Amino acid sequence: MDPYVHDWLNLLVRWAHFVFGVAWIGASFYFVWLNNTLRPPDPPREGVEGELWAVHGGGYYRVSKHDPRMPAVPEPLHWFKWEAYLTFLTGFALLVVVYWLRPETFLVGGSPMGLSPGAGIAVSAATLGLGWLGYHGLCLALEQRPRALAAIGSALIVGVSWGLSELLAPRAAWLHVGAMLGTCMAANVLFVIIPGQKAMVAATAAGRPVDVRYGKRAALRSLHNNYLTLPVLCVMISNHFPMAYGHAWSWLLLAGLFVAGAAIRHWVNLHERGVSAHALLPAAALGI
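My aim in this report is to walk through the structure given alongside it, one point at a time. (Residues numbered from 1 in each chain as written. Predicted model: local features only at pLDDT ≥ 70, side-chain atom pairs only at ≥ 80, totals over all residues. Heavy atoms only, no water.)

A few words now on the packing of helix α4 (residues 117-142) against helix α5 (residues 146-167). In contact at an axis separation of 10 Å, α4 and α5 are set at 165° when each is read in the N-to-C sense. When the axis of α4 is compared with that of α5, the two are roughly antiparallel. For the pair α4 and α5, the crossing hand works out as right-handed. For the pair α4 and α5, contact is made by V123, T127, L138, C139 and L142 and by P146, A148, L149, I152, G153, L156, L164 and L167, respectively. (Axes fitted to C-alpha atoms, helices over the stretch in contact; angles between N-to-C directions. Helix = DSSP H or I, 4+ residues; strand = E, 2+ residues; numbered from the N terminus. Parallel < 35°, antiparallel > 145°, perpendicular 65-115°, else oblique. Left-handed = near helix turned anticlockwise from the far one by under 90°. Contact = heavy atoms within 4.5 Å.)

As structure tokens, this is what we get:
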């Protein structure tokens, strides 16, 4: 491919990925904040789990969260899914443009194992697919044991980080850890969160009891996406900093930044719920 055309593709696809990512993360952060901030209505209102008042753009907004076992489906009902899908599609396109179209430069150039371009592309694709399958299977096996799930999942991320640092070019190794986690986040929306919401809406429309398991499973995956957001964003900007991805222990550095990012997000979640965790934020900053 002509280098000039390649650079324009890189710019335009990266721009689109950034825009859709902002939309997805903004919506995700807003709904997490909403759930953390809702309070029981006073006086109590039947079917309303929580509500809040907000001011923005010169007006007052009253937001209510209703029990999923509603007598009918409200219309119009707005869904939030295309932000996630388009973030993944543009991210995958960017992966192809940067790493697959020029594998000898960015994907396997400087690879410790000396992989061929074809082998590097195979590792790249397998990281995304097997990463999702492994994560999804782990969630299904341990969804009733969230602490064990978090511990084993974190250990596997560190293991993948080390493995990719031995196979791919340093910059590509970091990026593919983030791409794997971003794939899991988008797949959570496609395969778990949205199907759960569709099942809830279908049950309401048919007048059947709503199976709360779907909601609980979707809520768990949404929580995972929430904690993964800051680490994935760190990886997204890491290509500007060879001091980080080019470090001799880059995989361990990446693991430390992931822990710090998740800790910062945890502090935000606790703070929004009115729970004090004063030591967590400075501890994460000192860790960085």
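From this point on, the discussion continues.
The next thing to look at is the packing of aromatic side chains. The final tally for this structure, using the stated rule, is eight aromatic pairs. Taking 5.4 Å as the distance between ring centres and 85° as the angle between the ring planes, the aromatic pair formed by W82 and Y85 counts as edge-to-face. In this pair, W82 and Y85 are both assigned in helix α2 (residues 82-100), three residues apart and thus about one turn of the helix distant. Exposure remark for W82: the relative accessible area of 53% places this residue in the exposed category. Y85 gets classed as buried once you look at its relative accessible area, which sits at 14%. Taken together, a centroid distance of 5.8 Å and an interplanar angle of 25° make the contact between W132 and F191 stacked. Residue W132 is found in helix α4, and its partner F191 is found in helix α6 (residues 170-206); the two are separated by 59 residues along the sequence. For W132, a relative accessible area of 11% gives the class buried. The residue whose ring lies beneath R171 is F106, and the NZ or CZ to ring-centre distance is 4.6 Å. (Phe/Tyr/Trp six-rings, centres within 6.5 Å; stacked < 30°, edge-to-face > 60°. Buried < 20%, exposed > 50% of the residue type's maximum accessible area, 1.4 Å probe, protein only. Lys NZ or Arg CZ within 6 Å of the ring centre and 35° of its normal.)

Taken together, the eight bridges between strand β1 (residues 48-56) and strand β2 (residues 59-66) define a ladder with antiparallel strand orientation. By the bridge assignment for β2, G50 is matched with K65. Counting the residues between successive antiparallel strands, the hairpin from β1 to β2 contains two residues, one of them, G57, with a positive phi of roughly 60°. (Pairing = 2+ DSSP bridges.)

By secondary structure assignment, the location of V96 is in helix α2. With 29 residues separating them in the primary sequence, V96 and A125 have C-alpha atoms 10.0 Å apart.

Nonpolar side chains collect at one region of the surface, where Y4, W8, L11, L12, W15, F18, V19 and V22 lie side by side and expose about 900 Å² of accessible area between them. In this structure, W15 sits in helix α1 (residues 3-37). For W15, a relative accessible area of 55% translates into the label exposed. (Patch = residues over 30% accessible without salt bridge, like charges linked within 9 Å, V, L, I, M, F, W, Y side chains within 5 Å. Areas by Shrake-Rupley, 256 points an atom, 1.4 Å probe, with all protein chains shown as cover. Salt bridge = Lys/Arg side-chain N within 4 Å of Asp/Glu carboxyl O.)

Right, let's talk about the nonpolar core for a bit. Soluble globular proteins: nonpolar side chains tend toward being buried together. Counting residues in each nonpolar core, the largest one holds 35 residues, and the members touching the most others are V177, L181, V189 and F258. Of all the elements in the fold, those that place two or more residues in this core are α1, α2, α4, α5, α6, α7 (212-237), α8 (242-245) and α9 (250-272). Counting residues per element, this core draws most heavily on α6, at 11 residues. Not counting residues up to four positions away in its chain, the partners in contact with V189 are W24, K81, A84, Y85, I194, P195 and N225. By size, the runner-up hydrophobic cluster in this structure holds eight residues, among which are Y135, L142, C184 and A187. (Core = buried A, V, L, I, M, F, W, Y, C linked by side-chain atoms within 4.5 Å.)

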